[in-house]
Amino acid sequence: MTLLGRKVKKGKYEGTTTDDWATVFDEFCGDFSSKIVLLKNTGANSLDYEIIGDLDELGENDVSVTSGSLASGDVLVAEITRNYYKLKLRVKSSTAGSSTDYVAKINFQV
């Protein structure tokens, strides 16, 4: 994750899904009015995702911002306009025992 003069926050995250929900990132975003989350399925199997917005520091998974599935090669670009305290991305394998690779990026700007 890179924080540039408190005006831009960027990050890149790579991994492999499992059968259980796993947090890809859990990032503070309260100072940023523009928030973009990219998720690309780079593997052979499908994955499920959920972007969660927290309204405070309690980490209670307050709001499901968006969720769905991505087939192999599919890309999600989510532009989040509401202001949350934190954003969290979670992923898991769509089919048990069929893991897949992914790349996620964030770009938050004032």
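My aim in this report is to walk through the structure given alongside it, one point at a time. None of these values were measured; they are calculated from a predicted model.

In this section: unusual backbone geometry. Residue Asn61 is not a glycine yet carries a positive backbone phi of 50°. Structurally, Asn61 is set in the loop between β5 (47-54) and β6 (63-70). Residue Asn61 is classed as partly exposed on the basis of its relative accessible area, which comes to 34%.

Sheet strands line up and pair through hydrogen bonds in the backbone, either parallel or antiparallel. Across the sheet, which stays open at both edges, the four strands sit in the order β3-β8-β5-β6 with antiparallel pairing between neighbours. Taken across any chain shown, the strands that pair with only one partner, and hence form the sheet edges, are β3 (22-28) and β6. Neighbour-to-neighbour, the strand axes of this sheet turn through a mean angle of 15°, independent of strand direction. Two elements, β5 and strand β8 (residues 86-93), share eight bridges in a ladder whose sense is antiparallel. Paired with Tyr49 across the bridge in β8 is Val91.

Rules of the game
Residues numbered from 1 in each chain as written. Predicted model: local features only at pLDDT ≥ 70, side-chain atom pairs only at ≥ 80, totals over all residues. Heavy atoms only, no water. Helix = DSSP H or I, 4+ residues; strand = E, 2+ residues; numbered from the N terminus. Buried < 20%, exposed > 50% of the residue type's maximum accessible area, 1.4 Å probe, protein only. Pairing = 2+ DSSP bridges. Axes fitted to C-alpha atoms, helices over the stretch in contact; angles between N-to-C directions.

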